[in-house]
Amino acid sequence: KHIADLIALVLALKYLMDKGLPLRVCTDSKTVLSWYTNMKINASEEVLNTLSPGMKTLLDRVLSFLEKHQEDLQEAQVMEWSSKKWGFMPGKVDVY
C-alpha cells in the first residue's frame, strides 16, 4: 500500500511540474512522507519481491524521477494530511 501511495504522490508532483502548477500535495501516510523526504524507500526485499513486474517498473521509474529532479522538487510542498482533523483524504478509496 505504501509503495502505491508513493507512486501516486510522485506522479501527482510530476503532473503539477509538467503543467507549471505549484508543487503542493498531501499524504496521510507518515511512511510515504518519510520515503519522499529521504528520496528512498525503506521496504524489505520480501515486500519488494511481491510486486508485479509492472509495479516494479513503475517504482523504478518513480525512484529515477526523484533522483533526477531532486533539485526541482526542493520547492515542492509535500504536507501531511491529518485524517483525524479533516477526515479521510478526498478521493481516497479503501479496498478491503
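The structure we're discussing is the one just above.
Computed from a prediction, not measured in an experiment: that's the story for all the values here. (Residues numbered from 1 in each chain as written. Predicted model: local features only at pLDDT ≥ 70, side-chain atom pairs only at ≥ 80, totals over all residues. Heavy atoms only, no water.)

Engineer: Explanation requested: the packing of helix H1 (residues 2-19) against helix H2 (residues 30-38) in the structure shown.
Structural biologist: Viewed as axis vectors pointing N to C, H1 and H2 meet at an angle of 55°, and their least axial separation amounts to 9 Å. As summarised for this structure, H1 and H2 are arranged oblique, according to the angle between their axes. The interaxial crossing formed by H1 with H2 has right-handed handedness. Facing H1, whose interface residues are His2, Ile3, Asp5, Leu6, Leu9 and Leu13, H2 presents Thr31, Val32, Trp35 and Tyr36. Tallied by class, residues from the contact of H1 with H2 come to 7 nonpolar, 2 polar and 1 charged. (Axes fitted to C-alpha atoms, helices over the stretch in contact; angles between N-to-C directions. Helix = DSSP H or I, 4+ residues; strand = E, 2+ residues; numbered from the N terminus. Parallel < 35°, antiparallel > 145°, perpendicular 65-115°, else oblique. Left-handed = near helix turned anticlockwise from the far one by under 90°. Contact = heavy atoms within 4.5 Å. Nonpolar A, V, L, I, M, F, W, Y, C, P; charged D, E, K, R; others polar.)

Engineer: Got a minute to help me understand unusual backbone geometry in this structure?
Structural biologist: When glycine is set aside, most residues are seen to have a negative phi, and most peptide bonds are trans. With a phi angle near 55°, Met39 is a residue other than glycine that sits in the positive phi range. Following the sequence through the fold, Met39 ends up in the loop between H2 and helix H3 (45-48).

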